[in-house]
Amino acid sequence: ATTLPNPPAAPTNLSASAITQTSLTLSWTAPAGPITGYTLEYSTDNTFASGVTTLTPGGAATTQAITGLTANTTYFFRLKANNTGGTSAEATAQAT
């Protein structure tokens, strides 16, 4: 039998770029592996209590395009890394 790996560390340097009225690109630095994927959530509510959209970039990803946004609106993002041992703490960012 093989034991599970430790959960990954949190991704770092989460930031938005290429911001337009309705889209942007998020990028981050991946933690040391193994990483099987990410959980990326965004919302206009900084508490993430409502209106949350969830995306699941693959383990090799370090960018994610976000489209269909509303112009002149602040969005909040949180990103967690996953592996078979668990889920990391979250990295956060915001973009207007």
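Above this text is the structure in question.
Quick look at the structure, then. (Residues numbered from 1 in each chain as written. Predicted model: local features only at pLDDT ≥ 70, side-chain atom pairs only at ≥ 80, totals over all residues. Heavy atoms only, no water.)

This brings us to unusual backbone geometry. Residue Gly33 is joined to Pro34 through a cis peptide bond whose omega torsion reads 5°. Mapped onto the fold, Pro34 is located in the loop between strand E2 (23-29) and strand E3 (37-43). Here Asn13, not a glycine, exhibits a phi torsion of approximately 60°, which is positive. A positive phi angle, close to 55°, is found at Asn72, a residue other than glycine. Along the polypeptide, Asn72 turns up in the loop between strand E5 (63-67) and strand E6 (75-83). Residue Asn72 is classed as exposed on the basis of its relative accessible area of 80%. (Helix = DSSP H or I, 4+ residues; strand = E, 2+ residues; numbered from the N terminus. Buried < 20%, exposed > 50% of the residue type's maximum accessible area, 1.4 Å probe, protein only.)

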